[in-house]
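Each chain, letter by letter, is given below.
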Amino acid sequence: MGRPLETSSSESLTVRDNRTGKTYNIPIVDNSVSATAFKAISAPAKPNEREESGTEKGLRVADKGFLNTAVIQSEITYIDGEAGVLRYRGYPIEQLALHSSFLETAYLLIYGSLPTKDQFRVFETEVLHHSIIHADAEEFFRSFRYDAHPMAILTSAFAYLGSYYSEANPSLQGRQWQTLFTKGDKASLANMDKQIFRLIGKATTLAAMAYRIRQGRDFVIPPTGLSYTGSFLYQMDHLGEENYVPNPVLCKALDVLFLLHADHELNASCTTVLQTGSSLVDPYSAIAAGCASLYGPLHGGANEAVIRMLISIGSPANVPAFIEAVKRREKVLSGFGHRVYKTTDPRSYIIRKTADEVFKVTGRDELLETAMALHDAAMKDEYFTKRRLYPNVDFWSGLIYRAMGFPMDFFPVLFAVPRVVGWLAHWRQMMLQEGGVKIWRPRQIYVGAGKRDYVPMAERESSLVNSDPKKTPSTVPHSGMTKRTMLASYRGKSKL
Ligand code: CMC
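Starting from 1, residues in each chain are numbered consecutively following that chain's sequence as written. Local features in this predicted model are restricted to residues of pLDDT 70 or higher, and side-chain atom pairs are both shown and tallied only at a pLDDT of 80 or more, whereas totals for entire chains, interfaces and linings draw on every residue. Note: side-chain values were computed over all heavy atoms of the structure, leaving out hydrogens and water.

Draft legend 1. A look at the overall build of the protein chain. Helix and strand counts for the protein chain come out as 19 helices and 6 strands. Dimensions of the protein chain, computed from C-alpha atoms along their principal axes, come out at roughly 80 × 75 × 60 Å. Residue burial is assigned from relative accessible area. The probe radius is 1.4 Å, only protein chains are included, and a residue is buried under 20% of its type maximum, exposed over 50%, and partly exposed in between. Considering the protein chain as a whole, with its 496 residues, one finds that 44% of them fall into the buried category. The contacts of the protein chain with a sequence gap of at least 6 include a subset with a gap of at least 24, amounting to 69%. On the protein chain, roughly 27,200 Å² of surface is accessible, and the fraction owed to carbon and sulfur atoms is 53%. Looking at charge distribution, the protein chain has the averaged site of its 58 positive side-chain charges lying 6 Å from that of its 51 negative ones. Helix numbering and strand numbering both begin at the N terminus, where a helix is a DSSP run of H or I of at least 4 residues and a strand a DSSP run of E of at least 2. It only takes one pair of heavy atoms within 4.5 Å for two residues to be counted as in contact. The protein chains shown are the only cover counted for residues, whose accessible areas, like all others here, come from Shrake-Rupley with a 1.4 Å probe. We treat Lys and Arg as the positive residues and Asp and Glu as the negative residues; His and chain ends play no part in the count. Note that the charge is assigned to NZ on lysines, CZ on arginines, CG on aspartates and CD on glutamates.

Set out below in structure tokens:
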């Protein structure tokens with residue numbers, strides 16, 4: 001905690017509050033200062049100051065958009081955004097992409113070290129064993145409209161899946177079951193790992209079912225004897241042929257892409273999973289929340305947005321005009337820019353190389369030329385270099401998915417499925433941290449109205465009625481109303 005200065009250690013920050021003249025000594029631990037230490041710094045309210053400012057209650061630390069706030073201690077993933085470094089549990093992403101597999105890397109992310117042969121065999125068997133889902137779930141998938149976005153289906157499916165597992169539900173299992181291992185309860189850890197196997201195992205099944213329902217295909221039972229990505233491709237594509245085996249180059253490419261997407265420390269979706277999980281809700285609900293967050297176009301929805309952008313550009317000849325439109329802020333260059341990387345995202349080099357392997361089997365995607373022209377133009381243009389906007393993981397990945405024949409709106413699903421691993425690694429770490437889990441409850445700076453008294457409707461003067469469009473409900477068209485229903489009258493009722 002921050003306290004008025006007595007002695008100052010060199011590992012500390014000395015802060016002088018010029019409002020009061022008091023000096024505080026705030027310890028620096030792990031190159032960070034505690035935001036709660038600043039709460040000890042308070043001052044008397046100024047005359048006429050709004051009571052909502054809370055000056056006497058201690059200083060707040062404002063960080064809109066989490067630009068420089070650390071919310072957890074983690075041993076999982078390290079990123080150096082200036083140098084373009086990404087390591088899972090200390091291992092460089094380039095080495096893992098070359099030598100490891102998605103499931104081996106999943107083990108590494110969740111449990112902290114590379115598995116032995118036996119450890120891996122058990123883990124892989126557990127994950128693949130848990131790929132089958134209850135037959136009733138078919139009804140759930142059939143309840144979606146033919147044109148439902150697959151991310152809407154997948155997000156709902158994770159929450160739906162949780163309804164099968166009462167042993168993971170805190171209201172039925174005890175509100176802190178996930179944290180009980182820290183008090184010596186080994187069964188709680190086994191229960192947690194079972195949910196982890198299930199969620200990773202069933203992620204491909206749910207995603208494949210979301211795919212098949214849109215194609216009008218019946219569902220298939222997950223196969224045996226195939227790899228994680230092989231099983232996924234089989235579940236999407238198998239149409240009853242005998243001895244169907246997905247193409248090994250595509251299985252391998254998808255495995256590399258899954259490995260690259262498995263974790264990326266505290267991005268928006270992982271933070272959402274932890275924030276949701278901090279209320280000690282079941283992991284299925286937390287993963288569903290992460291899936292929803294991932295789908296935004298600033299995050300995992302960018303791979304879909306990149307392809308839509310490339311199609312709209314049309315050909316390399318139109319790239320200069322597009323770049324100019326971005327500079328006029330009429331457009332955004334999807335697949336460029338990153339909150340942490342201020343150089344090329346290291347994953348994008350590996351993806352670019354993987355794309356060439358895939359194109360050897362599938363043929364080059366016709367959008368590749370436009371993508372390369374756009375990439376080269378942006379890398380040379382001062383607008384992008386000055387802001388340090390470089391290609392991120394999503395710039396090339398959509399081209400591979402497209403070449404592999406996935407529909408565009410399925411691309412974010414191909415990001416979400418492997419990211420389940422990273423979300424669960426962080427969730428498990430948080431549940432097992434010493435001292436238990438604190439609910440994530442940020443503060444706000446309240447700038448709204450001061451206390452005011454309720455005015456009955458009949459007494460509201462027009463001056464009290466707000467006409468600011470941001471503060472009044474919009475008039476909306478009703479798409480369900482046809483001209484005929486609008487013109488109809490309703491017996492015993494006034495017209496709509
Ligand atoms: N195209 C054009 N201008 C951009 C872009 C872009 N893609 N990204 C950032 N800028 C500009 C932005 O307008 C701002 O300019 P100024 O300072 O003149 O106002 C400056 O660069 C800084 O951008 P920012 O929005 O403050 O940066 P941020 O860290 O808040 O946002 C980002 C990061 C990834 C949301 C953003 O770069 C972006 O929207 N990129 C496009 C979407 C995308 O590719 N997302 C995938 C991210 S990587 C994978 C993942 O996380 O899922």
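Having seen it, we continue.
Draft legend 2. Seen up close, the site of the ligand. Any residue with a heavy atom lying within 4 Å of a molecule or strand is counted as near it. Around the ligand, a shell composed of 22 residues is seen, among which His299, Arg329, Leu333, Gly335 and Arg339 lie nearest. His299 places a side-chain nitrogen or oxygen 2.6 Å from an oxygen atom of the ligand. For the ligand, whose accessible area on its own is 930 Å², the fraction buried by protein is 70%. Under the scheme applied, nonpolar residues are Ala, Val, Leu, Ile, Met, Phe, Trp, Tyr, Cys and Pro; charged residues are Asp, Glu, Lys and Arg; polar residues are all the others, including Gly. Residue composition of the shell around the ligand, grouped by class: 11 nonpolar, 7 polar and 4 charged. What qualifies as a polar contact is a pair of N or O atoms within 3.5 Å, subject to a donor-acceptor requirement within protein and to the restriction that residues adjacent in sequence count only when both atoms come from side chains.

Draft legend 3. Looking closely at the packing of helix H7 (residues 186-215) against helix H8 (residues 228-237). A fitted line through C-alpha atoms represents every axis, and for helices the fit uses only the stretch in contact; the resulting angles, taken between N-to-C directions, go from 0 to 180 degrees. Relative orientation of the contacting elements H7 and H8 amounts to 25 degrees, with a least axis distance of 8 Å. In terms of orientation, H7 lies roughly parallel with respect to H8. As for the relative orientation of H7 and H8, their crossing is right-handed in sense. Of the residues in H8, those touching H7 at Ile200, Ala203, Thr204, Thr205, Ala207, Ala208, Tyr211 and Arg212 are Tyr228, Phe232, Tyr234, Gln235, Met236 and Asp237. Among the residues making up the contact of H7 with H8, the classes are represented as 9 nonpolar, 3 polar and 2 charged. Relative orientations are named as follows: roughly parallel for angles under 35 degrees, roughly antiparallel for angles over 145 degrees, roughly perpendicular for angles from 65 to 115 degrees, and oblique for any other angle. In this scheme the crossing of two helices becomes right-handed for a clockwise turn of the near helix relative to the far one and left-handed for an anticlockwise turn of less than a right angle.

Draft legend 4. View of the side chain of Gln429. Of note, Gln429 is situated in helix H18 (residues 411-431). On the accessibility criterion, Gln429 (18% relative accessible area) is buried. The residues contacting Gln429, other than those within four sequence positions of it, are Gln73, Ser74, Glu75 and Ile76.

Draft legend 5. Broad picture of unusual backbone geometry. Phi is positive for Asn31, close to 50 degrees, though the residue is something other than glycine. Along the chain, Asn31 turns up in the loop between strand S3 (22-27) and strand S4 (77-80). We classify Asn31 as exposed; its relative accessible area is 76%. You will see that Leu280, though not glycine, has its phi angle at about 70 degrees, which is positive. Tracing the chain through its elements places Leu280 in the loop between helix H10 (268-277) and helix H11 (283-294).

Draft legend 6. Spatial organisation of the pattern of salt bridges. Criterion for a salt bridge: a side-chain nitrogen of Lys or Arg within 4 Å of a carboxyl oxygen of Asp or Glu. Counted by the stated rule, this structure contains 22 salt bridges. Among the ionic pairs, Glu138 bridges to Arg142, the shortest N-O distance being 3.6 Å. With Glu138 and Arg142 both in helix H4 (residues 137-142), this residue pair falls 4 residues apart, about one helical turn. Overall, Glu138 belongs to the partly exposed group, its relative accessible area being 27%. The exposure class assigned to Arg142 is partly exposed, which follows from its relative accessible area of 38%. The partner of Arg402 in a salt bridge is Asp365, with the nearest N and O atoms 2.9 Å apart. Note that Arg402 is positioned in helix H17 (residues 394-403) and Asp365 in the loop between helix H14 (346-362) and helix H15 (368-380), a separation of 37 residues in sequence. Here Asp365 falls in the buried class, since its relative accessible area comes to 8%.

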